[in-house]
Amino acid sequence: MAKPPIYGLLAEFDDPNSLVAATRRAHAEGFRCMDAYSPFPIEELHDALGGHHTRLPLIVLIGGLTGCVGGYALQYWVSAMAYPLNVGGKPLHSWPAFVPVTFECAILVAALSAVLGMLALNGLPMPYHPVFNVPRFALASRNRFFLCIEASDPKFELESTRRFLETLSPREVATVAD
Amino acid sequence: MAESLPPIEDPLDAVAGTGTPPVIAPGYTFGSVTDKISAIVLTRKTSIGWWLGFLAAFGIVNVLLLALAYLFVKGTGIWGVNQPVGWGFAIVNFVWWIGIGHAGTLISAILLLLKQTWRTSINRFAEAMTLFAVACAAIFPLIHTGRPWLAAYWLFPYPNTMGIWPQFRSPLIWDVFAVSTYATVSLLFWFVGLIPDLATLRDRSQSRVGRVIYGMLAMGWRGSAHHWHRYETAYLLLAGLATPLVVSVHTVVSFDFAVAIVPGWHTTIFPPYFVAGAIYSGFAMVLTLAIPIRAIYGLEDFITMRHLQNMAKVMLVTGLIVAYGYAIEAFVAWYSADKYELFVSLNRMTGPYWWTYWLLILCNVLTPQALWFRRVRTTPIVLFMIAIVVNIGMWLERFVIVVTSLHRDFLPSSWGMYAPTIWDWATYVGTIGLFLALLFLFLRFLPMISIFEMRTILPEAKVEESS
């Protein structure tokens, strides 16, 4: 199938309430390939879009456990195997002394997983995205709220979808070039 | 005497009807909040005051560079350290700086988890303060090793050609891991918080250079609802991770002392008392910076009296915990019937460094009691002066802990005295210059208040659904 000439239709709203209401309407109408854009996080939007739970907490848990086990293993290997050193008659595997570094390693890897995981799942960095083709979209980081119904949605049909968006009383509806 | 005072005209008291004191002055919209904060970076002319301040700070950075260069040529002999006082200014300054950093993480992570919305307008620059303070702190242990170019294999576990590995039973190695993790996590936390604001700057910048640089840093952030959802999850998880981390860092720093057998160091109260002291000094530093910044940049609408009051209260509480620490130290020295401990306590109060101890009590215990009074908490200039005094007091505390404990240990034959040299002072003052220079750059090039979080606390950000 040829690439659709347009990416979708972008409706602009004045306030978070209209955006959430519009998103719910669009979802009820059967649109699935869409995204909402806002200058700050709006909890209700994710729900209105029919979003799923994110896997991020699981990634962070795995990261934390990896750091924990890795940090401990490092200390065990160094102190008991690679470089056994008698310090004050303590056993080579002196586990209580290994707790602080194990803890720090767990936090470090968990925090890195949280940030890198969030960026990866969000597909960032992504320098180009079609919505940036709409000049007014620059206001999405200031005070305007946008709903974009994407052309890839099976129900998308340029004229009827535009008419539908107009019924949601947006400020304006723009066509997003791909 | 019972005549009632006139009600204090108080900007904290209430937006009419809601009963909650405002954390932002009324009348702002999403647009005006964005414009006001981003204008400082994007459109306002760089003021002559900024240039003077930055150049002065940059001049002091050069003093630091000079002191470090001379140190690398001559070695640590240029400092006042000796036997028995082997730790001196380097460790005093290290603990002081790292403690200052703690308030940033407390404000950004712990207050976030406790849903304290007032943190919103101060968390960004408090986090920046953390980063810069940790950067200053990290210099000291590194140069204190004497040969920092060799320090890599003493401190980090990597396969070097000599087959030598670090000693993981030593608190000094724990410290390396704690501080480097803390620096990394603080940087991540700060940067993640900046991403949406960098996107705002990208979209609002008039210059091509600005658009390109902010655009690259924003990584293509577009405010998608799916992105926000993961973003919020990540931010909350980071806060949850940073909270135990910040407690662990100063605990580990206190282990550097408490695990040693030196009288005056070998005590179990050190971890909690160090953590409280860190938060105490950190909030003092946040106030020291916030009070002039809000006046100079006209941000009284965002950093309101409520913020100053709350920070003053945190200072009062942590100051009391610290005072309790001092009291318990003295009590246990007597109650333990350990003559070395008792001697150290008496020596601190009456020995050659008696004046540092009593100055510390004056700065850290007596002065902050003024914060009990509402009038003091609502007068920025007085609050500013108290914060400065506490900064000095917390530095003195570390001086007392390091120097008085070391200069008189078990054997009178190994007693000595410590006096800092001009190079000790140059290095210390130099790091203050570094801290301020970084802060000036931050204020000029990045939004000092989190713009997107300020939008969320506006009343119009609340979504009301009729279902």
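Heads up: the structure comes first, above all this text.
A.B. asks: In this structure, what is going on with the overall build of chain A? I would like to understand it.
C.D. replies: Along chain A, the regular secondary structure elements total five helices and four strands. By the compact-globule yardstick of 16 Å for 178 residues, chain A is too spread out, its C-alpha radius of gyration being 25 Å. C-alpha atoms of chain A, sized along the principal axes, occupy 80 × 35 × 30 Å. Counting only residues that meet the buried cut, chain A has 44% of its 178 residues in that class. Excluding contacts between residues fewer than 6 apart, the proportion of contacts in chain A whose partners are at least 24 apart in sequence is 80%.

A.B. asks: Quick question: what am I supposed to make of the interface of chain B and chain A here?
C.D. replies: Put simply, an interface is often sized by how much accessible area is lost when its parts join up. With 51 residues of chain B in contact, the opposing surface of chain A contributes 58 residues. Of all the secondary structure elements, the ones that give two or more residues to the side of chain B that touches chain A are helix H1 (30-42), helix H6 (171-204), helix H8 (225-258) and helix H16 (451-456) of chain B. Sorting elements by how many residues they give to the side of chain B that touches chain A places H8(B) first, with 16 residues. For the side of chain B that touches chain A, a count of residues per class yields 26 nonpolar, 16 polar and nine charged.

A.B. asks: Where do I start with the sheet that holds strand E3 (residues 145-150) of chain A in this structure?
C.D. replies: Consider a sheet: its strands pair through backbone hydrogen bonds, and that pairing is either parallel or antiparallel. Residue and element names in this part refer to chain A. An order of E2-E3-E1-E4 is seen for the four strands of this open sheet, with the pairing classed as antiparallel. Bordering the open sheet on either side are strand E2 (34-37) and strand E4 (172-177), each of which pairs with just one other strand. Ignoring which end each strand starts from, the neighbouring axes of this sheet average 20 degrees apart. By the bridge criterion, six bridges tie strand E1 (residues 6-13) to E3 in an arrangement that is antiparallel. Counterpart to Gly8 in the pairing with E3 is Glu150. Contacts from helix H1 (residues 16-29) reach E1, E2 and E3 within the one sheet, and its direction differs from that of E3 by about 15 degrees.

A.B. asks: What's the story with helix H3 (residues 56-82) of chain A in this structure? I'm lost.
C.D. replies: Residue pairs spaced three or four apart in an α-helix point in one direction, given the helix's 3.6 residues per turn. Over its 27 residues, H3(A) runs 36 Å from end to end, which matches the ideal 39 Å to within 8%, given 1.5 Å per residue. Taken together, the buried positions of H3(A) are A:Leu56, A:Ile59, A:Val60, A:Gly63, A:Gly64, A:Gly67, A:Gly71, A:Gln75 and A:Ser79. Tucked into the core, H3(A) has its buried residues touching helix H4 (99-121) of chain A together with H8 of chain B.

Scoring rules and cut-offs
- Residues numbered from 1 in each chain as written.
- Chains lettered and ligands numbered in written order.
- Predicted model: local features only at pLDDT ≥ 70, side-chain atom pairs only at ≥ 80, totals over all residues.
- Helix = DSSP H or I, 4+ residues; strand = E, 2+ residues; numbered from the N terminus.
- Rg over C-alpha atoms; globule rule 2.2 N^0.38 Å.
- Buried ≥ 20, exposed ≤ 12 C-beta atoms within 10 Å, placed from the backbone.
- Contact = placed C-beta atoms within 7 Å.
- Nonpolar A, V, L, I, M, F, W, Y, C, P; charged D, E, K, R; others polar.
- Pairing = 2+ DSSP bridges.
- Axes fitted to C-alpha atoms, helices over the stretch in contact; angles between N-to-C directions.
- Expected span 1.5 Å × (residues − 1).

Honestly, that's just the spatial picture; any functional story needs more than this.
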